[in-house]
Amino acid sequence: MAMETTFSIIKPNAVKKNVIGAIIEKFEENGLKVAAAKLAVIPRAQCEEFYAEHKERPFFGELVDFMTSGPVMLMALHGENAITRNREIMGATNPAEAAEGTLRKLYGDSMGENAVHGSDSPASAERELKIFFTSSEMVNK
Ligand code: ADP
Ligand code: MG
């Protein structure tokens, strides 16, 4: 299996719940390593660029409002099959449908406020990492 780096966000609702450590622990227990991390409030324009694929969806404005409403933890996660592994640890988009023990089941509040983001493909991971990190900010690359 390939070593990969994926992009992860601990969303504002999870940061407010003070579970940054619990979430990172879950990644570490499952073989993913933090390769970059910063706590930040995402500027609106950068958030709109990040979620550009959802621009036409009815929830776009609400999504950007939420994601820029407070600090988030931006991370690069590195490990074997990291992109798929992260999506498995996160669980389904809707916390109500997420499997037991997944991050969205544990910490998600609703479809929008679902605690974590994770890239869905190698192309997405590359695009998303570049929006938030320079290559010198990432280790294990
Ligand atoms: P995922 O984050 O699992 O890849 P999507 O790419 O489909 O899911 O959606 C991106 C984000 O937009 C979701 O994580 C969620 O925060 C929000 N979202 C998706 N669908 C809805 C919806 N129907 N209503 C409100 N917010 C939504
Ligand atoms: Mg997605």
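What counts, and at which threshold
- Residues numbered from 1 in each chain as written.
- Chains lettered and ligands numbered in written order.
- Predicted model: local features only at pLDDT ≥ 70, side-chain atom pairs only at ≥ 80, totals over all residues.
- Heavy atoms only, no water.
- Helix = DSSP H or I, 4+ residues; strand = E, 2+ residues; numbered from the N terminus.
- Buried < 20%, exposed > 50% of the residue type's maximum accessible area, 1.4 Å probe, protein only.
- Contact = heavy atoms within 4.5 Å.
- Areas by Shrake-Rupley, 256 points an atom, 1.4 Å probe, with all protein chains shown as cover.
- Lys, Arg positive; Asp, Glu negative; His and termini not counted.
- Charge placed at Lys NZ, Arg CZ, Asp CG, Glu CD.
- Pairing = 2+ DSSP bridges.
- Axes fitted to C-alpha atoms, helices over the stretch in contact; angles between N-to-C directions.
- Polar contact = N/O pair within 3.5 Å; in protein donor to acceptor, adjacent residues only side chain to side chain.
- Near = heavy atom within 4 Å.
- 1 Å grid on protein atoms, 1.4 Å probe; cavity = no way out; pocket = protein on both sides within 12 Å on 5 of 7 lines; lining within 4 Å.
- Sits in = over half its atoms within 2 Å of the grid points.
- Nonpolar A, V, L, I, M, F, W, Y, C, P; charged D, E, K, R; others polar.
- Points joined across faces, edges and corners; volume = space filled by probe spheres on them.
- Salt bridge = Lys/Arg side-chain N within 4 Å of Asp/Glu carboxyl O.

### Observations concerning the overall build of the protein chain
Right, so step 1: In terms of regular secondary structure, the protein chain is built from seven helices and four strands.
Right, so step 2: The order of helices and strands in the protein chain, counted from the N terminus, is β-α-α-β-α-α-β-α-α-β-α.
Right, so step 3: Principal-axis analysis of the C-alpha atoms gives the protein chain an extent of 35 × 35 × 25 Å.
Right, so step 4: Taking all 141 residues of the protein chain together, the buried fraction comes to 47%.
Right, so step 5: For the protein chain, the share of sequence-separated contacts (at least 6 apart) that also reach a separation of at least 24 residues comes to 78%.
Right, so step 6: Per element, the accessible surface of the protein chain, about 7,200 Å² overall, is 51% carbon and sulfur.
Right, so step 7: A gap of 1 Å separates the mean positions of the 16 positive and 20 negative side-chain charges of the protein chain.

### Things to note about the sheet that holds strand 4 (residues 116-118)
Right, so step 1: Ordered in space as 2-3-1-4, the four strands form an open sheet in which the pairing is antiparallel. The outermost strands of the open sheet, each flanked by one partner alone, are strand 2 (33-40) and strand 4. Going from strand to strand, the sheet's axes swing by 20° on average, the running direction of each strand aside.
Right, so step 2: Both strand 1 (residues 3-10) and strand 4 contribute to a ladder of three bridges, which runs antiparallel.

### Concerning the side chain of H78
Right, so step 1: Relative to the helices and strands, H78 is located in strand 3 (residues 72-80).
Right, so step 2: Among the polar contacts made by the side chain of H78, one reaches the main-chain carbonyl oxygen of E4 at a distance of 3.3 Å.
Right, so step 3: For H78, the contacting residues outside a window of four places in its chain are M3, E4, T5, G31, L32, K33, A35 and N140.

### Examining the site of ligand 1
Right, so step 1: The local shell around ligand 1 consists of K11, H54, F59, L63, R87, T93, R104, M111, G112 and N114.
Right, so step 2: In the model, an oxygen atom of ligand 1 is placed 3.0 Å from a nitrogen or oxygen of the R104 side chain.
Right, so step 3: Contact between ligand 1 and M111: an oxygen atom at 3.5 Å from a main-chain N or O atom of the residue.
Right, so step 4: A majority-of-atoms criterion places ligand 1 in the largest pocket.
Right, so step 5: Across the shell around ligand 1, the residue classes tally to three nonpolar, four polar and three charged.

### Some points on the layout of surface pockets
Right, so step 1: Its volume calculated, the largest pocket comes out at about 520 Å³.
Right, so step 2: Lining the largest pocket are 22 residues, and of these K11, Y51, H54, F59 and T93 sit closest to its centre.
Right, so step 3: In terms of residues, the lining of the largest pocket owes the most to one element, helix 4 (residues 60-67), which gives three residues.
Right, so step 4: Of the residues in the lining of the largest pocket, the class split is six nonpolar, seven polar and nine charged.

### Observations concerning the pattern of salt bridges
Right, so step 1: If you walk through the whole model with that rule in mind, you get six salt bridges.
Right, so step 2: A salt bridge links E137 to K38, with the nearest nitrogen and oxygen atoms 3.3 Å apart. Residue E137 is found in the segment after helix 7 (122-132), and its partner K38 is found in strand 2; the two are separated by 99 residues along the sequence.
Right, so step 3: A relative accessible area of 38% places E137 in the partly exposed class.

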